[in-house]
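Each chain is listed here by its residues.
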There are 2 protein chains.
Amino acid sequence: MKIIIDAMSGDKAPEEIVKGAVMARRELGVDVVLVGRQEVVKACLEKEGCTDMEVVDARDVITMEDDPSTATRRKKDASMTVALTMLRDGLGDAVVSAGSTGALLTGATLIVKRINGIRRAALAPVLPNGGKGVVLIDSGANVDCTPEYLMQFAYMGSFYAKTMLGLSSPRVGLANVGTEDTKGGVLQHETFQLLKEAGEAGRINFIGNVEGNGVFSGDVDVLVADGFTGNLMLKTAESMIKFMMGNLKSVFYKSLKNKLAAAVLKGDLAQMKKMLDVKEVGGTVMLGISRPVIKAHGSSDARCILAAARQAVTCVESGITEEIKANIEYMKIG
Amino acid sequence: MKIIIDAMSGDKAPEEIVKGAVMARRELGVDVVLVGRQEVVKACLEKEGCTDMEVVDARDVITMEDDPSTATRRKKDASMTVALTMLRDGLGDAVVSAGSTGALLTGATLIVKRINGIRRAALAPVLPNGGKGVVLIDSGANVDCTPEYLMQFAYMGSFYAKTMLGLSSPRVGLANVGTEDTKGGVLQHETFQLLKEAGEAGRINFIGNVEGNGVFSGDVDVLVADGFTGNLMLKTAESMIKFMMGNLKSVFYKSLKNKLAAAVLKGDLAQMKKMLDVKEVGGTVMLGISRPVIKAHGSSDARCILAAARQAVTCVESGITEEIKANIEYMKIG
């Protein structure tokens, strides 16, 4: 297996990306190919004492300033564009990039293409919930959604939880403002019917509407939302983590006795912090693309790239793409 | 000033509600009238050693099983219905109820009525952000919104932050999936223009689009959202608080040394927990109703009722209703 890593994208590129790539090859036992300015990437590799990793030259870089909808079309020689093109051409099994989410999503859609029959690719991060995690799909790829999109997200999220998180019958819920069947707007009403039918046919384990206060309760494995709502839910949760961590820190530094007490708890709290850190879980898989494309966090350091590469490996081995293809007829309307 | 308290609604009614009412009268120095089954409420009052509080008899109770959209119409003699009718008739200055949000909102709209020109009332809880709090409007009253509704929410939220939180120039943001002006769907695009114009005219301090990760950062005072998104943001945040508190607890109980360290931090952590507890802040004001109606949390105990009553007093004294009325012409389209 060969993982294609975009060496030039992300806040800490190329140093940390290259470092992560070296770690990934060593720890995961897979081949890795780095894409980026050859001389720069090779200098980073040398620093890591690694001289035998494959590097594919790409002279350009897609930045956060580039228009996401046109970036890969306009910058043909950008590391991200080259990486995605290599994936399309079978020169690797998955792409990991810490670059612009929008550019990567558009590029993956245009270059690697969606699975035949899938209307829209979706972002499906796995959030901590005390168990194997909850898949929030879509968390930002599609602002405007149709019931069919959401139904496809439900299926894809369910397959993800099954093949990648190892849940035998993932509980799929529809994010809504109440648990009653009739809650929400037109989009929710129509989606609810589609998911109910899919559930009754035994294709997914649909548990109905789930409110926001159920997201991290461990009572739902896959939460389906339009990308607008899902993105705001995801980032609101991140904001709350940050806010609470800041408050905890203030408590710990408040007095000498607090500092001493906090020192005792330090190790266990660091564990908790790690568990809450979405970057640690790995990247976000772009579900619906015909080959695995993993978006690593923009601020990824080497460990995050390693985690994203691990996820890429799992994604390739999981057979999720085959599972989606095998069920595509059920995932369409009309 | 007289606060009308619905004694029969809420998980802990009537005991805790009555207890809270007695505390409110004592601590806030206002008149309180309790509405509910006279014999039951009076028995509770006796237990509290209070025999001179006004009680208005209402034989029925609106429960969570009642259809919110018809509850106050069908149950004319319910405590909530009678309380709202008293408010309409000037027999008190504000209503506090821990009953069904939907029933209270519908009842307030039908009985007390909206301020002339206001299209929809909105729920505007104040969430902790390390400062004076952030007003999230709407957090669930209106699933389907128009740009005009959102513009009215922005104005009302701004007036709330000004008159009730004491902010001289509240920073108003539009909840969105990115900070760029063009982010979001049609609703956000059109609302953005309206808020931009209101900002340029100096009527609100519009700071643009705000992402989910900015909610609790302290960088925004009023966050405007449709009720569907706002509700999921609010409850997702609550879910994360609960999840993190559970994790913290596990850390504290993990070992004897952790338990001892946690004991040292106990007081300060309790303070933090209190700050994060939305119930402690008080209730949620239903903005846009012609007189103050405060929804206390369904699980309210006496302290929560006291906090909600305090908020009712502030609301009456703030002049927010007058401020909305004085600006209503700017808050309309066409």
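Residues numbered from 1 in each chain as written. Chains lettered and ligands numbered in written order. Predicted model: local features only at pLDDT ≥ 70, side-chain atom pairs only at ≥ 80, totals over all residues. Heavy atoms only, no water.

Draft legend 1. Just the overall build of chain A, in detail. The number of helices and strands found in chain A is 12 helices and 12 strands. Considering only C-alpha atoms, chain A reaches an extent of 60 × 60 × 35 Å along its principal axes. A burial count over chain A gives 59% of its 334 residues as buried. A fraction of 70% describes how many contacts in chain A between residues 6 or more apart in sequence connect residues 24 or more apart. For chain A, the exposed surface amounts to about 13200 Å²; the carbon and sulfur share of it is 48%. Taking the 40 positively charged and 40 negatively charged side chains of chain A as two groups, their mean positions are separated by 4 Å. (Helix = DSSP H or I, 4+ residues; strand = E, 2+ residues; numbered from the N terminus. Buried < 20%, exposed > 50% of the residue type's maximum accessible area, 1.4 Å probe, protein only. Contact = heavy atoms within 4.5 Å. Areas by Shrake-Rupley, 256 points an atom, 1.4 Å probe, with all protein chains shown as cover. Lys, Arg positive; Asp, Glu negative; His and termini not counted. Charge placed at Lys NZ, Arg CZ, Asp CG, Glu CD.)

Draft legend 2. Focus on the relation of the copies chain A and chain B. Mapping chain A onto chain B is achieved by rotating through 180° and translating by 0.0 Å along the same axis, at an RMSD of 0.0 Å. Viewed as a symmetry operation, the transformation between the two copies matches a two-fold axis. Considering only C-alpha atoms, the residue of chain A closest to the rotation axis is A:Ala261, which sits at 2.2 Å. (Least-squares fit on C-alpha atoms with pLDDT ≥ 70 in both.)

Draft legend 3. Spatial organisation of helix 6 (residues 147-163) of chain A. If you check helix 6 of chain A, its first and last C-alpha atoms are 24 Å apart, about what 17 residues at 1.5 Å a residue would give, namely 24 Å. Counting buried residues in helix 6 of chain A gives 15 out of 17 residues, a clear majority hidden from the surface. (Expected span 1.5 Å × (residues − 1).)

Draft legend 4. How the structure looks around unusual backbone geometry. Residues and elements named next belong to chain A. With an omega of 5°, the peptide bond between Ile137 and Asp138 qualifies as cis. Look at Lys113: it is not a glycine, yet its phi comes out positive at around 75°. Mapped onto the fold, Lys113 is located in the loop between helix 5 (101-112) and strand 5 (122-124). The exposure class assigned to Lys113 is partly exposed, which follows from its relative accessible area of 48%.

Draft legend 5. Examining the confidence of the model for chain A more closely. For chain A, mean pLDDT is 95; residues scoring 70 or higher make up 99% of the total. Across the whole predicted complex the pTM is 0.95, and at the interface the ipTM reaches 0.94. (pLDDT = per-residue confidence, 0-100.)

Draft legend 6. View of the packing of helix 1 (residues 15-28) of chain A against helix 11 (residues 302-318) of chain A. Residues and elements named next belong to chain A. Put simply, helix 1 and helix 11 touch, their axes get as near as 7 Å, and they point 45° apart. As the angle between them shows, helix 1 and helix 11 are arranged oblique. The way helix 1 lies across helix 11 gives a crossing that is right-handed. In this structure, helix 1 contributes Glu16, Ile17, Lys19, Gly20, Ala21, Met23, Ala24, Glu27 and Leu28 to the contact, and helix 11 contributes Ala302, Arg303, Ile305, Leu306, Ala309, Arg310 and Val313. (Axes fitted to C-alpha atoms, helices over the stretch in contact; angles between N-to-C directions. Parallel < 35°, antiparallel > 145°, perpendicular 65-115°, else oblique. Left-handed = near helix turned anticlockwise from the far one by under 90°.)

Draft legend 7. Region of interest: the interface of chain A and chain B. Opposite the 49 residues of chain A that make contact, chain B presents 49 residues. A combined buried area of about 4400 Å² lies between chain A and chain B, and 75% of that area is made up of carbon and sulfur atoms. On the chain A side of the interface with chain B, the three residues burying the most area are A:Phe228, A:Phe243 and A:Met244, jointly 15% of the side's total. Connecting chain A to chain B are four salt bridges. Of the charged contacts in the structure, one is a salt bridge between A:Glu211 and B:Lys235, with a shortest N-O distance of 2.6 Å. Breaking the side of chain A that touches chain B down by element, the ones donating at least two residues are helix 8 (227-252) and helix 9 (256-276) of chain A. For the side of chain A that touches chain B, the element with the highest residue contribution is helix 8 of chain A, accounting for 19 residues. In terms of residue class, the side of chain A that touches chain B is made up of 25 nonpolar, 17 polar and seven charged. (Buried area = accessible area lost by both parts, 1.4 Å probe. Salt bridge = Lys/Arg side-chain N within 4 Å of Asp/Glu carboxyl O. Nonpolar A, V, L, I, M, F, W, Y, C, P; charged D, E, K, R; others polar.)

Draft legend 8. Region of interest: the sheet that holds strand 11 (residues 284-287) of chain B. Residue and element names in this part refer to chain B. Strand order in this open sheet of seven strands is 3-2-1-4-12-11-5, and the pairing throughout is mixed. Because the sheet does not close on itself, it has two edges, and the strands there are strand 3 (54-57) and strand 5 (122-124). On average, adjacent strands in this sheet sit at an angle of 30° to one another, irrespective of strand direction. In this sheet, strand 4 (residues 94-97) lies alongside strand 1 (residues 2-6) in parallel orientation, the contact comprising three bridges. Counted as the bridge partner of Ile5 is Val96 from strand 4. Contacts from helix 4 (residues 79-88) reach strand 1, strand 2 (31-36), strand 3, strand 4 and strand 12 (293-295), with the element oriented near 140° to strand 2. (Pairing = 2+ DSSP bridges.)

Draft legend 9. Quick peek at the pairing of strand 3 (residues 54-57) of chain A. All names here are of chain A. Alignment of strand 2 (residues 31-36) against strand 3, held across four bridges, turns out to be parallel. Along strand 3, the bridge assignment pairs Val35 with Val56. Assessed by its sense of winding, the connection that carries the chain from strand 2 through helix 2 (residues 38-47) to strand 3 is right-handed. (Right-handed = clockwise from strand over helix to strand, strands pointing away.)

Draft legend 10. The arrangement of the sheet that holds strand 9 (residues 205-210) of chain B in detail. Residue and element names in this part refer to chain B. Spatially, the five strands line up as an open sheet ordered 6-7-10-8-9, and their pairing is mixed. A single partner strand is all that each edge strand has here, and the edge strands are strand 6 (126-127) and strand 9. Here three bridges tie strand 8 (residues 171-175) to strand 10 (residues 222-224), and the two strands are oriented parallel to one another. For Leu174, the partnering residue across the bridge sits in strand 10 and is Val224. Against the sheet, helix 6 (residues 147-163) touches strand 6, strand 7 (134-137), strand 8 and strand 10, its axis set at about 165° to strand 10.

Draft legend 11. Looking closely at the environment of A:Lys162. Looking at where A:Lys162 falls in the secondary structure, it is placed in helix 6. Contacts of A:Lys162, omitting those with residues within four sequence positions, involve A:Leu167, A:Ser168, A:Pro170 and A:Glu323.

Draft legend 12. Up close: the pattern of salt bridges. Tallying each qualifying case throughout the model produces 26 salt bridges over all chains. Notably, a salt bridge pairs A:Asp52 with A:Arg25, separated by 2.8 Å at the nearest N-O pair. A residue pair is termed long-range when its members are at least 10 positions apart, and A:Asp52 in the loop between helix 2 and strand 3 and A:Arg25 in helix 1 qualify at 27 residues. A:Asp52 gets classed as exposed once you look at its relative accessible area, which sits at 57%. Salt-bridge contacts for B:Arg303 lead to B:Asp301; the nearest nitrogen and oxygen are separated by 3.2 Å. On the basis of relative accessible area, B:Arg303 is assigned to the partly exposed category, the value being 42%. Judged by its relative accessible area of 18%, B:Asp301 falls in the buried class. Linked through salt bridges whose partners overlap, the residues forming this network are A:Arg37, A:Glu39, A:Asp57 and A:Arg59.

Draft legend 13. Spotlight on the environment of B:Glu197. Residue and element names in this part refer to chain B. Here Glu197 shows up in helix 7 (residues 186-200). A relative accessible area of 47% means that Glu197 is categorised as partly exposed. Linking Glu197 and Glu329, residues 132 residues apart in sequence, is a C-alpha distance of 14 Å.

Draft legend 14. Representation of helix 9 of chain A. Along helix 9 of chain A, the sharpest change in direction is near 60° and occurs at A:Lys266. Every buried residue of helix 9 of chain A is listed here: A:Asn258, A:Ala261, A:Ala262, A:Leu265, A:Asp268, A:Leu269, A:Met272 and A:Leu276. (Bend = angle between axes of the 7 residues up to and from the residue.)

Draft legend 15. Quick peek at the environment of B:Leu34. Residue and element names in this part refer to chain B. Mapped onto the elements, Leu34 comes out in strand 2. Along the backbone, Leu34 and Glu54 are 20 residues apart, and their C-alpha atoms lie at a distance of 6.3 Å. Setting aside its immediate chain neighbours within four residues, Leu34 contacts Ile5, Ala7, Val18, Ala21, Val41, Leu45, Met53, Glu54, Val55 and Val56.

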